[in-house]
Amino acid sequence: MIIKTYKPIGITPLELQNIMREKFKIEKNIKMGFAGRLDPMAHGEMIFLTGEDCKIQDTYCGKDKIYEFSIIYGFKTDTYDILGLLKDIIPVKEKTNLDTYKGNFNQPYPPFSSILVKGDLKKKQPLWFWAKQNKLDKVEIPKKNINIYEMEKISVENGNPRNNRELFELIVSRIYKLTQENRIKFRVDKIVKEWKNQLLKKPSEKVLVKSYRVKVSSGTYIRSLCDRMGGIAYDINRIRIIE
């Protein structure tokens, strides 16, 4: 069975998989997996496969994708999105020459990702493990060859936050969609405290949030693209997996 569904903000792909298993009454002894993960703060189309269809999982994983995303310029976090600890505040400068970001290149995996990397332990661990241990300098961060085919600036229907107070309220509302268990796992209390201290010092100060649509190859991290553009991902929506 091949199941196409929408993943909302705040749940992990594995949590959604369990929901789909229950919804479609898929027995526990039947193999199930997904083709292409989405971050907890991302939303959009996901494909789940069961039984014999799991054999073509790699085929679906290799498909090109279309995303719409919003970037908050001027901030840097350790996860490259809002679900991260603040690392730096940089000059706010919107990127207007989008051709700079198009093309084929080797994109480093973001520090908080699941790619397995060997460090000072015998067993490989996810890159996020080394990031949490503050040992990124002890490992070689792998890169993936990707292609950004198309990129354009767009307007979002409900608008983006205009000032620090609006941004803080929207960040908190998104982060608190995580389950209580995941709030602990993803350091939510500490993250919210940092955002509060930073944004509510000057609540009326304007923020620069812009939105874009991209068509990319499989394995492209939109968070990493946002980091390269001089900001962090505020919203990531996978519009379509191209078949």
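A brief structural summary.

**Re the pattern of salt bridges**
Then step 1. Using the criterion set out here, one finds eleven salt bridges in the structure.
Then step 2. Between D227 and K76 there is a salt bridge; the shortest N-O distance is 3.0 Å. Taken together, the residues D227 in helix α7 (residues 222-229) and K76 in strand β5 (residues 75-77) connect sequence positions 151 residues apart.
Then step 3. For D227, a relative accessible area of 21% translates into the label partly exposed.
Then step 4. Accessibility expressed as a relative area gives 18% for K76, which makes it buried.
Then step 5. The salt bridge involving D78 is made with R187; its shortest N-O contact spans 2.9 Å. Pair noted here: D78 is in the loop between β5 and β6 (86-89) and R187 is in the loop between α5 (180-185) and α6 (188-199), with a separation of 109 residues, a long-range link.
Then step 6. The structure contains a network of salt bridges with shared partners spanning E68, E152 and R213.

**Topic: unusual backbone geometry**
Then step 1. The phi dihedral of K25 falls on the positive side, at around 55°, and the residue is not glycine.
Then step 2. Along the chain, K25 turns up in the loop between α1 (13-23) and β2 (32-34).
Then step 3. In this structure, Y80 takes a positive phi of about 70° despite not being glycine.
Then step 4. Take Y80: it is sitting in the loop between β5 and β6.

Rules used throughout
Chains are numbered independently. Their residues run from 1 in the order of the written sequence. The predicted nature of this model means local features are confined to residues of pLDDT at least 70 and side-chain atom pairs, given and counted, to a pLDDT of 80 or more, with totals for whole chains, interfaces and linings taken over all residues. Side-chain metrics rest on all non-hydrogen atoms present in the structure, leaving aside hydrogens and water. The term salt bridge refers to a pairing of a side-chain nitrogen on Lys or Arg with a carboxyl oxygen on Asp or Glu at a separation within 4 Å. Runs of E in the DSSP output that reach at least two residues are strands. Runs of H or I that reach at least four are helices, and both are numbered from the N terminus. We call a residue buried when its accessible area falls under 20% of the maximum for its residue type, exposed when it is over 50%, and partly exposed in between, using a 1.4 Å probe and counting protein chains only.

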